[in-house]
Amino acid sequence: MTSDTTVALRARVAELFPALQADLEALVRIPSVSAAAFDQAHVAASAAATEQLLRDAGLPDVQILSAPRPDGTAGAPAVVARRPAPEGAPTVLLYAHHDVQPPGDPATWDTDPFEPTQVGERLFGRGAADDKAGIVAHLGALRALGLPDGADLPVGVTVFLEGEEESGSPSFRAFLEAHRDLLAADVIVVADSGNWKIGVPALTTSLRGLVDGDVELRVLDHAVHSGMFGGAVLDAVTLMSRLVATFHDEAGDVAIEGLVAAPEPQVDYEEADLRADSSLLDGVALVGTGSVAGRLWTKPALSVIGMDVTSVAAASNTLAPSCTAKISLRLAPGQDPAAADEALAAHVAKHAPFGAQVTWSPGEQGKPFLAPGDSAAMRAARAAFTEAWGTAPVDVGMGGSIPFIADLLEVFPDAAILVTGVEDPDSRAHGANESVHLGELQKVVLAEALLLTKVGEGL
Ligand SMILES: [Zn+2]
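The rules behind these values
- Residues numbered from 1 in each chain as written.
- Predicted model: local features only at pLDDT ≥ 70, side-chain atom pairs only at ≥ 80, totals over all residues.
- Heavy atoms only, no water.
- Helix = DSSP H or I, 4+ residues; strand = E, 2+ residues; numbered from the N terminus.
- Rg over C-alpha atoms; globule rule 2.2 N^0.38 Å.
- Contact = heavy atoms within 4.5 Å.
- Lys, Arg positive; Asp, Glu negative; His and termini not counted.
- Charge placed at Lys NZ, Arg CZ, Asp CG, Glu CD.
- Phe/Tyr/Trp six-rings, centres within 6.5 Å; stacked < 30°, edge-to-face > 60°.
- Patch = residues over 30% accessible without salt bridge, like charges linked within 9 Å, V, L, I, M, F, W, Y side chains within 5 Å.
- Areas by Shrake-Rupley, 256 points an atom, 1.4 Å probe, with all protein chains shown as cover.
- Salt bridge = Lys/Arg side-chain N within 4 Å of Asp/Glu carboxyl O.
- Buried < 20%, exposed > 50% of the residue type's maximum accessible area, 1.4 Å probe, protein only.
- Donors = N, O, S within 2.8 Å, 3.2 Å for Na, K, Ca; no water.
- Tetrahedral: all angles 85-135°; square planar, octahedral: opposite > 155°, others 65-115°.
- Pairing = 2+ DSSP bridges.
- Axes fitted to C-alpha atoms, helices over the stretch in contact; angles between N-to-C directions.
- UniProt positions renumbered as here; feature names shortened; annotations may be inferred.
- Domains from an automatic or database assignment.
- Buried area = accessible area lost by both parts, 1.4 Å probe.
- Polar contact = N/O pair within 3.5 Å; in protein donor to acceptor, adjacent residues only side chain to side chain.
- Nonpolar A, V, L, I, M, F, W, Y, C, P; charged D, E, K, R; others polar.

An unreviewed UniProt entry lists the protein chain under the name Dipeptidase, with Promicromonospora umidemergens as the source organism.

### Comments concerning the overall build of the protein chain
Counting secondary structure elements, the protein chain contains 13 helices and 18 strands. On C-alpha atoms alone, the protein chain measures out to a radius of gyration of 24 Å, which is about the 23 Å that the 2.2 N^0.38 rule sets for 459 residues. Projected onto its principal axes, the C-alpha positions of the protein chain cover 85 × 45 × 45 Å. In the protein chain, the share of contacts with a sequence separation of at least 24, taken over all contacts with a separation of at least 6, comes to 80%. Charge centroids of the protein chain, computed over 29 positive and 62 negative side chains, lie 2 Å from each other.

### What to know about the packing of aromatic side chains
For the coordinates displayed, the defined rule picks out eight aromatic pairs. Ring geometry for W196 and W297: centres 6.1 Å apart, planes at 80°, overall edge-to-face. Here W196, found in the loop between β7 (187–194) and β8 (202–207), pairs with W297, found in helix α9 (residues 292–297); they are 101 residues apart in sequence, far enough to count as distant. Among the aromatic side chains, those forming a connected cluster through ring pairs are Y95, F160, F172, F175 and F404.

### Description of a negative patch on the surface
On the surface, E264, D268, E270, D273 and D277 cluster together into a negatively charged patch. One can find D277 in helix α8 (residues 271–278). Among the residues examined, D277 registers a relative accessible area of 57% and is labelled exposed.

### Some words on the coordination of the zinc ion
Around a metal, the idealised angle for a tetrahedral arrangement of four donor atoms is 109.5 degrees; for an octahedral arrangement of six donor atoms it is 90 or 180 degrees. The coordination sphere of the zinc ion contains the protein donors H97 (NE2), D130 (OD), D192 (OD) and D192 (OD), at a distance range of 1.9 to 2.7 Å. Angles of 51 to 150° at the metal separate the four donor atoms of the zinc ion, which places the site in the irregular class. Look at where the donors of the zinc ion fall in the sequence and you get H-x32-D-x61-D. Pair noted here: D130 is in the loop between β5 (122–124) and α3 (132–144) and D192 is in strand β7, with a separation of 62 residues, a long-range link. Each member of the pair, D130 together with D192, is buried.

### A short note on the pattern of salt bridges
Using the criterion set out here, one finds 18 salt bridges in the structure. Among the ionic pairs, E164 bridges to R69, the shortest N-O distance being 2.7 Å. Note that E164 is positioned in the loop between β6 (156–162) and α4 (172–178) and R69 in the loop between β1 (61–65) and β2 (78–83), a separation of 95 residues in sequence. Ionic contacts of the salt-bridge type, sharing partners, join the residues R173, E177, K367, D407 and E410 into one network.

### Comments concerning the sheet that holds strand β14 (residues 357–366)
Taken together, four strands build an open sheet; the order of strands is β11-β13-β9-β14 and the sheet is antiparallel. Every other strand in the sheet has two partners, leaving β11 (301–308) and β14 as the edge strands with one partner each. Averaged over all adjacent pairs, the angle separating strand axes in this sheet is 20°, with direction ignored.

### Points about the pairing of β2
Within β2, five of the six residues are buried, which leaves the element mostly enclosed by the surrounding structure. As judged from the five bridges shared by β1 and β2, these two strands associate in the antiparallel manner. Across the sheet, Q63 pairs through a bridge with V80, a residue of β2. With five bridges joining them, β2 and β6 adopt antiparallel strand pairing. Bridge pairing in β6 links R82 to T158.

### Description of unusual backbone geometry
In this model, D130 is joined to D131 through a cis peptide bond whose omega is 5°. Of note, the phi angle at F354 is positive, near 50°, even though the residue is not glycine. Tracing the backbone through its elements, the reader meets F354 in the loop between α10 (337–350) and β14. For F354, a relative accessible area of 66% gives the class exposed. Its identity as a non-glycine residue notwithstanding, N433 has a phi of 60°, on the positive side.

### Here's the deal with the UniProt feature "domain: Peptidase M20 dimerisation" (unreviewed entry) in the protein chain
The positions UniProt marks with the feature "domain: Peptidase M20 dimerisation" (unreviewed entry) are residues 206–353. In residues 206–353, the share of helix is 28% and the share of strand is 23%. The end C-alpha atoms are 36 Å apart.

### Some points on the domain arrangement of the protein chain
Examined at the domain level, the protein chain breaks down into domain 1 (3–207 + 368–457) and domain 2 (209–262 + 299–366). Residue-level contacts link eight residues of domain 1 with 10 residues of domain 2. Its largest share of buried area at the contact with domain 2, domain 1 owes to P368, L370 and S401, together 70% of the area lost on that side. Linking domain 1 to domain 2 there are zero salt bridges. Taken together, domain 1 and domain 2 are joined by one residue pair in polar contact (both at pLDDT 80 or more). Contributions of two or more residues to the side of domain 1 that touches domain 2 are made by β8 and β15 (369–370). Each residue belonging to the side of domain 1 that touches domain 2 can be placed in one class, and the counts come to four nonpolar, four polar and no charged.

### What about the side chain of R208?
Secondary-structure assignment places R208 in the loop between β8 and β9 (209–218). For the buried residue R208, which engages in no salt bridge, the nearest side chain bearing the opposite charge is D253, 9.4 Å off. In this structure the side chain of R208 is engaged in a polar contact, spanning 2.9 Å, whose partner is the backbone oxygen of G399.

Next up, the structure:
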């Protein structure tokens, strides 16, 4: 690709950007919260609005589709728009989601969450970043490449805009399986993550996986008087506490044998930022060893996320006969979830305190994601980002999971998945005062247009 192409595309994106921003603002005005307690008519409205945008952009085949959820109810409407590949050219699937998180307490926002408000270079509003900006990034890249005529679009594209990502994508797997042929692609661009900081692009190359489950500990057949038996018999809550304490070593690293960790990340997360972002109280030390980013992205993490014990208000002087704890284990990239589940079960059995009876009941399993470091698609993305920003992208990880990525990998094992996005550290996705940086969004649009061009030049 000549730099003339980049210069021309940059100018084209700049020219298109005001209309693109107006489209983003119109989408933000639709309160498309997919959480069950909210009016789902708004999710239908955002599907209809994005369908219209894709039609107007000149994609020839646009439809609203849904698939059943595991409970049998209908999934939220997704929009799928296609333009077939020129003979012999690859197809790129462009993913984003049109639903949003609930706004939370409006009093915590400085502006109306559903009235987009520009302050300086930032546009505030629920979904302004996550993920309506992802929709606009795809739309902008396609417009920049000359749709509806599409003279400069050398690849096939399928735009796939999900409507229930913020509710855990319950019908996603069924949707992929029902529409496998429609969605099949050589490269999948998931625009639902973010960049490292303003001016520094990033590719999200790792996501942690997850296993969870319940450990039940039993010590007595029924509750007994703590005065009569305490001293010779420990209550189930104390025994559970001893078991839980074995999950971490003295430094606070996960102490379950057999779990893997991935190499340390390229960049680190400042301790001060982590303290502020997590609201860690003064004097509380961080746990774990190695870089802060590594602890969050490339090592396992274990949390107790629930425990069934007698409440303080209902307490009596008895020894609890049993106790159940729900354990959530985040998995490092490269970890097999089934092996992690077995390691957790073995740990629980081995560390049963004082011979207490313990049982492990497995729960959910989600695979971690680790992008291949040097695939052709990754090289194309790195080159496109470098041209758009004038600086090379860094590889970042995410401590959480994007569960649907595992589904994409399983249903389309041969596709290269690129996780990109428009967020930056101040975007506050899911929080109050969510915003997108408009200058960065413009670079995201340019980078995606460049990426599509490069993919068309051959992988
Ligand atoms: Zn999102």
